[in-house]
Amino acid sequence: PLHEVRHVTTDAASGIYVLQSTSPHLLHFDKNGSYVGTIGGEGSGPGEFQTPFRMGWRADTLWVADQATSRVSLFVTGTHSRDFTFRTSSQSSWYGPLTPAGLLSGNAAFSIASAPSAFIADGRVSTLPLLAVSEAGEQLAEIGQLTVDGVVVEVSADEGNTTWYVKPPFSQGSLWGVAPDGSY
């Protein structure tokens, strides 16, 4: 059974691909919903995932962004084609590593900078840059800003001895996307 579905996409033949947050691989179903197989698997090798969290299509190539490995894996007709990993951070010391969020035209990755939840909750960070990053990890351009005001709140328990940072239900957040041709 499907559970904790994180992302769903379809191919040109109406095949259905499902990414679950509790699984290190993608599930593939035909257009009638019959199970076809899996793509990828758990690990850090070529075509493997640790925390896959977004996927999509660029022509006949399925791309899968893995948050833990800062990598985008490419698959053609269900077979692993190649990966590209980038390690870079934005200019500000408040921002952490970039998270690949998609594939742009020219094999650049669409990336989101990260920041500590405490900085978002207390207002020190209210926007995060959306960036185009090359395969070599070079920042090509800032293509927008992701508003994060109010998307993380601080929750204290045990008379202030324990603190969690959580996303409130139904919080407002920015919408963004990449067109099928890789434009933004």
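For the structure, check the block above.
Everything in this summary refers to the structure shown in the same document. (Residues numbered from 1 in each chain as written. Predicted model: local features only at pLDDT ≥ 70, side-chain atom pairs only at ≥ 80, totals over all residues. Heavy atoms only, no water.)

A few points about the packing of aromatic side chains
Condition: Two rings from Phe, Tyr or Trp (for Trp, the six-membered ring) form a pair when their centres are within 6.5 Å of each other. A pair whose planes differ by under 30 degrees is stacked, one over 60 is edge-to-face, and the rest are tilted. Strands are runs of DSSP state E lasting at least 2 residues, helices are runs of H or I lasting at least 4, and numbering of each runs from the N terminus. Per-residue accessibility, obtained with a 1.4 Å probe over protein chains only, is compared with the maximum for each type, and a residue is labelled buried under 20%, exposed over 50%, and partly exposed between these values.
Applying the stated criterion across every chain yields a total of three aromatic pairs. Taken together, a centroid distance of 5.3 Å and an interplanar angle of 70° make the contact between Tyr 17 and Trp 57 edge-to-face. Taken as a pair, Tyr 17 in strand β2 (residues 16-20) and Trp 57 in strand β5 (residues 52-58) lie far apart in primary sequence, 40 residues in all. Across the pair, Trp 57 and Tyr 17 agree in class, each one buried. For the ring pair Phe 49 and Phe 75, a centre distance of 6.0 Å and an interplane angle of 55° mean the geometry is tilted. In this pair, Phe 49 sits in the loop between β4 (35-39) and β5 while Phe 75 sits in strand β7 (residues 71-76), placing the two residues 26 residues apart along the sequence. Here Phe 49 matches Phe 75 in class, with each residue buried.

Notes on the side chain of Asp 66
Selection rule: Two residue types count as positive, namely Lys and Arg, and two as negative, namely Asp and Glu; His and chain ends fall outside the count. For salt bridges, the criterion is a side-chain nitrogen of Lys or Arg within 4 Å of an Asp or Glu carboxyl oxygen. Side-chain atoms alone can form a polar contact between residues adjacent in sequence; in general such a contact is a pair of N or O atoms within 3.5 Å, and within protein one must be able to donate a hydrogen while the other accepts it. Contacts are assigned to residue pairs that have any heavy atoms within 4.5 Å of one another.
With respect to the secondary-structure elements, Asp 66 resides in strand β6 (residues 61-66). For the buried residue Asp 66, which engages in no salt bridge, the nearest side chain bearing the opposite charge is Arg 71, 4.8 Å off. A polar atom in the side chain of Asp 66 sits 3.0 Å from the backbone nitrogen of Thr 51. Beyond its immediate chain neighbours, meaning those up to four positions away, Asp 66 contacts Glu 48, Phe 49, Gln 50, Thr 51, Pro 52, Phe 53, Arg 71 and Pro 100.

Things to note about the nonpolar core
How we decide: Only buried residues count toward a nonpolar core. Its members are Ala, Val, Leu, Ile, Met, Phe, Trp, Tyr and Cys residues joined through side-chain atoms within 4.5 Å.
One finds Val 72, Val 125 and Leu 128 to be the most contacted residues of the largest nonpolar core, which totals 22 residues. Elements with a minimum of two residues in this core: β6, β7, β9 (98-103), β10 (109-113), α1 (117-121) and β11 (127-133). Residues within four places of Val 72 in sequence aside, it is in contact with Trp 63, Val 64, Ala 65, Arg 82, Asp 83, Phe 84, Pro 100, Gly 102, Leu 103 and Ala 109. Counting 10 residues, the second-largest nonpolar core is a separate cluster that includes Tyr 17, Leu 19, Ile 39 and Phe 49.

Focus on the sheet that holds strand β3 (residues 26-29)
Condition: A pair of strands is considered paired only if DSSP assigns at least 2 bridges between the two. Axis lines are fitted to C-alpha atoms, over the contacting stretch for helices. Their N-to-C directions set the angle, which ranges from 0 to 180 degrees.
Overall, antiparallel pairing links the four strands, which are arranged β1-β2-β3-β4 in an open sheet. One side of each edge strand has no neighbouring strand; the edge strands of this open sheet are β1 (5-10) and β4. The mean inter-strand angle of the sheet, taken between neighbouring strand axes irrespective of direction, is 20°. Note that β3 and β4 share four bridges and pair antiparallel.

Focus: the sheet that holds β11
Taken in spatial order, the four strands make up an open sheet running β9-β10-β11-β12, and their pairing is antiparallel. Each edge of the open sheet carries a strand with a single partner, namely β9 and β12 (139-147). Sheet twist, expressed as the mean angle between neighbouring strand axes with direction ignored, is 30°. As defined by bridge partners, β11 adjoins β12 across seven bridges and the pair is classed as antiparallel. Bridge pairing in β12 places Leu 130 opposite Gly 144.

Describing the pairing of β10
Most of β10 is tucked away: five of the five residues are buried. With burial as the criterion, each face of β10 is covered, one bearing Ala 109, Ser 111 and Ala 113 and the other bearing Phe 110 and Ile 112. By the bridge criterion, five bridges tie β9 to β10 in an arrangement that is antiparallel. Counted as the bridge partner of Pro 100 is Ser 111 from β10. If you look at the hairpin formed by β9 and β10, you'll find five residues sitting between the two strands, and Gly 106 has a positive phi there, around 75°.

Function-wise, these values are silent; they only describe arrangement.
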